[in-house]
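An overview of the molecular structure
Here are the chains, one letter per residue:
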Amino acid sequence: MESILELRNVVKNFTGFKINGISFSLEPGYIMGFIGANGSGKTTTIKLIMNLLHLEMGEIKVFGLDSRQHEQQIKQRIGFVYDDNHFYEELTITQMTKVLAPFYKKWDWNTYNRYIHRFGLPSNKKIKTFSRGMKMKYALAVALSHKAELLIMDEPTSGLDPIVRSEILDILSEVILDERCSVLFSSHITSDLDRIADYVTLIHNGTILFSTSKEELFEKYSLVKGERSLLGENLRPYLVGYRESQFGFEGLVTDKAAVQAMLNGNALLERPTLEDIMLYCTRGRAV
Amino acid sequence: MAYLILKDLLLQRNMMLLAFAYVLLFAFAFQSMGDEGQLVAIISMVGYMFVMVGGAWEEKNNSDTLWNSMPAPKWKIVGAKYLAIPVYVAFVTLVYAVVSSAISLLQIPITTAPINVFVAALGTIGVFVAASLYYPVYFAFGYTKSRYWHFILIFGIVALSSMLPNLFPEKPAWIDPLFEKLPKLTGDAMFLVVAICFVALLVAVSFLLSLRFYGRREF
């Protein structure tokens, strides 16, 4: 199956920061969680995909098309939600949508009105009077109203209360059910992605540390907890990262079966969260 | 592109109301310029204010990220700014008509010039010239940085016009030979045609520069 989004050896240099030849791809019909700490390169990568930044080296293909050569054609099929509001705050959403809608060939007013009604967004109030959650819901309504095949979302849930976050995640799950739409969802709130992501890509200092399915990730990594005396040379080769306290240690290990056999029931092995994986993979040993 | 112009008008509703006050103020301030000078100055200045305020709204809302994430070609984003100028001018002319009628009806002691097509066209040319000099810098650097260029532009024009009489107390010798080589311009119509051709060229070059600079920008 052809990837809906494919990045190959993408390079972008800034003073003091570099997107360092990153590659990953997303298949149609899946949600990819794009995780990493603040300043790791998530937004820069998304801006490169959206052509808001100029690519220096490498290749970005969306729907199998070169992102620069077929920019307008691609953007007809992309819905986007960014962490900051970019709509005109002095306009009402009715005015704003009247300006935006004609740019999309497949704009569907019925879908739009359905989402506006569902989200309870007031049509006659200026966007500047909206809460952050309402602005995010409006952005989502616009993104979903032109039959987008790829949703690109940059930290859409940051700064939102748990109820609105949950509502947005429910909608994303619904959208994905049609099997046609894919989502690239960047976030440092990994619990959101624990819930909805099919694939996870971790970026750290402009480098992709892994890009894999969530199942493979949880098969590969385990969280181990035990007494500090167990932190011997035998265990260290399996440790991705660990932290010690006066009561013992906790660490992320690969090869669960081997570690289990080695520790012989003297330590606790648990399924890690995405946050554990992100933390230990990016900070390394002795956190 | 019409929707981008509509958006500019929707954003400038407050400016549209303020335009009545500006026109009244400038009508009072420019009385001594004579009929034609007063109207040209009012249309040029208030029209250019619309250009500047339009840019300020884009910057305030960080809208470049929005438009460049949408299927909106850059030539439309840039072109809409230039095409909004005649709309601004038409509105300012309308405001002038209302204000000058009100001045006349209320017998306010301000002298206002009657509107005529020639003078309105000169005002339009004035806004196009100012915007053509301003927009390439605006599209290259955004509103905040381009404000410095705006100030240089405005103060440069004011300073130059006040310095010219001192710099050239007598007509320079090269002026007459230059104009002898040009076809003799007779009447307003011919002057207007020449001015429109010049401005059309200036706007075309300005648009292409704006498009080039905007294409190089990152958001």
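For the structure itself, look to the data block above.
1. Examining the interface of chain B and chain A
The interface is formed by 27 residues belonging to chain B together with 28 residues belonging to chain A. Carbon and sulfur atoms make up 62% of the surface buried where chain B meets chain A, a total of about 2600 Å² over both sides. When the area that chain B buries against chain A is broken down by residue, the three leading residues are B:Ser69, B:Pro71 and B:Glu218, summing to 24%. Run the count over chain B and chain A and you get two salt bridges.

2. Focus on the sheet that holds strand S2 (residues 17-26) of chain A
Strand pairing in a sheet relies on backbone hydrogen bonds. The paired strands run either parallel or antiparallel. Residue and element names in this part refer to chain A. Taking strand neighbours across the sheet as the criterion, the four strands line up as S2-S1-S4-S5 in an open arrangement whose pairing is antiparallel. Each of the sheet's edge strands pairs with one partner strand only, and the pair in question is S2 and strand S5 (65-66). Across eight bridges, the pairing between strand S1 (residues 5-14) and S2 is antiparallel. Its bridge partner being in S2, Val10 is matched across the sheet by Ile22.

3. Considerations on the nonpolar core
Counting 151 residues, the largest nonpolar core has A:Leu5, A:Tyr138, A:Leu151 and B:Trp67 as the members making the most contacts within it. Per-element tally for this core: the top contributor is helix H6 (residues 117-167) of chain B, with 16 residues. If you count residues domain by domain, this core takes at least three from each of domain 1 (5-205) and domain 2 (218-283) of chain A. Setting aside residues up to four positions removed in sequence, A:Tyr138 forms contacts with A:Phe87, A:Ile93, A:Met96, A:Thr97, A:Leu100, A:Tyr112, A:Ile116, A:Leu121 and A:Ile127.

4. Examining the sheet that holds strand S13 (residues 248-254) of chain A
Residue and element names in this part refer to chain A. Judged by pairing direction, the sheet is antiparallel, and its four strands sit side by side in the order S12-S13-S11-S14 without closing on themselves. Two strands in the sheet have a free side with no partner beyond their single neighbour: strand S12 (239-245) and strand S14 (268-270). Strand-to-strand twist in this sheet, taken as the mean axis angle between neighbours without regard to direction, amounts to 20 degrees. Strand direction decides the pairing type here: strand S11 (residues 221-226) and S14, joined by three bridges, are antiparallel. Bridge pairing in S14 links Lys225 to Leu268.

Definitions and limits used
- Residues numbered from 1 in each chain as written.
- Chains lettered and ligands numbered in written order.
- Predicted model: local features only at pLDDT ≥ 70, side-chain atom pairs only at ≥ 80, totals over all residues.
- Heavy atoms only, no water.
- Contact = heavy atoms within 4.5 Å.
- Buried area = accessible area lost by both parts, 1.4 Å probe.
- Salt bridge = Lys/Arg side-chain N within 4 Å of Asp/Glu carboxyl O.
- Pairing = 2+ DSSP bridges.
- Helix = DSSP H or I, 4+ residues; strand = E, 2+ residues; numbered from the N terminus.
- Core = buried A, V, L, I, M, F, W, Y, C linked by side-chain atoms within 4.5 Å.
- Buried < 20%, exposed > 50% of the residue type's maximum accessible area, 1.4 Å probe, protein only.
- Domains from an automatic or database assignment.
- Axes fitted to C-alpha atoms, helices over the stretch in contact; angles between N-to-C directions.

Nothing here speaks to function; it is all geometry.
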